[in-house]
Amino acid sequence: MTTKEIADRIVALNRENNHAQVYAEFYTDATVSVENWGGQATEYVGMTAINKKAVDWEADVVEIHEVTVSEPVVADESFAIVFGMDITYKSRGREKMHELAVYSVKEGKIVREEFQA
């Protein structure tokens with residue numbers, strides 16, 4: 001698959017809220033996920049860590065009011081998507097935000113993802 005095809009597939013799956021399929025198709029145990037919040041970056045390496053991050057996030061969600069997923073901006077070996085979110089969390093109440101996700105692709109797999117508010 002080309003980077004554009006991967007980007008389009010990931011956008012489609014995210015619009016369906018099918019994150020498990022995104023992981024199954026495009027992530028490996030060497031994938032790195034970086035969360036940048038409040039000037040601090042936290043790095044998760046491999047599917048065990050990435051899955052735990054997802055489970056912990058889902059456990060904090062009370063209600064998802066709306067999630068939007070932009071069309072991807074695609075380069076040769078990377079692409080970016082903007083997620084719009086309106087979510088109520090147990091820990092911090094309702095938040096509306098936009099998050100930029102930048103994905104690096106190698107040999108048809110996501111090798112790195114980085115999220116920034």
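Look a little higher up for the structure.
Since the structure is predicted, the reported quantities are computational estimates derived from the model, not experimental observations.

Asks: Could you give an account of the overall build of the protein, with specific residues and numbers?
Replies: Counting its secondary structure elements, the protein contains three helices and seven strands. Its helices and strands in sequence order give the protein the pattern α-α-β-β-α-β-β-β-β-β, from N to C terminus. For a compact globule of 117 residues, the expected C-alpha radius of gyration is about 13 Å, and the protein comes in at 14 Å, within 12% of that figure. Reported as C-alpha extents along the three principal axes, the dimensions of the protein are approximately 40 × 25 × 25 Å. Counting the 117 residues in the protein, one finds 38% classified as buried.

Asks: Please set out the nonpolar core residue by residue, giving values where relevant.
Replies: Residues Ile10, Tyr27, Phe79, Ile81, Phe83, Tyr103 and Ile110 are the most contacted members of the largest nonpolar core, which totals 26 residues. Contributions of two or more residues to this core are made by helix 1 (3–15), helix 2 (19–26), helix 3 (46–60), strand 3 (61–69), strand 5 (78–89), strand 6 (93–106) and strand 7 (109–116). Looking at this core element by element, the count peaks at six residues for strand 5. Discounting residues that sit within four places of it in the chain, Tyr103 has contacts with Tyr27, Glu77, Ser78, Phe79, Ile81, Phe83, Ile110, Arg112, Glu113 and Phe115.

Asks: Could you give an account of the layout of surface pockets, naming the residues involved and the relevant values?
Replies: The volume enclosed by the largest pocket comes to roughly 890 Å³. In this structure, the largest pocket is lined by 30 residues; those nearest its centre are His19, Glu35, Trp57, Glu99 and Phe115. Residue contributions to the lining of the largest pocket peak at five residues, all from helix 3.

Calculation rules
Residues numbered from 1 in each chain as written. Predicted model: local features only at pLDDT ≥ 70, side-chain atom pairs only at ≥ 80, totals over all residues. Heavy atoms only, no water. Helix = DSSP H or I, 4+ residues; strand = E, 2+ residues; numbered from the N terminus. Rg over C-alpha atoms; globule rule 2.2 N^0.38 Å. Buried < 20%, exposed > 50% of the residue type's maximum accessible area, 1.4 Å probe, protein only. Core = buried A, V, L, I, M, F, W, Y, C linked by side-chain atoms within 4.5 Å. Contact = heavy atoms within 4.5 Å. 1 Å grid on protein atoms, 1.4 Å probe; cavity = no way out; pocket = protein on both sides within 12 Å on 5 of 7 lines; lining within 4 Å. Points joined across faces, edges and corners; volume = space filled by probe spheres on them.

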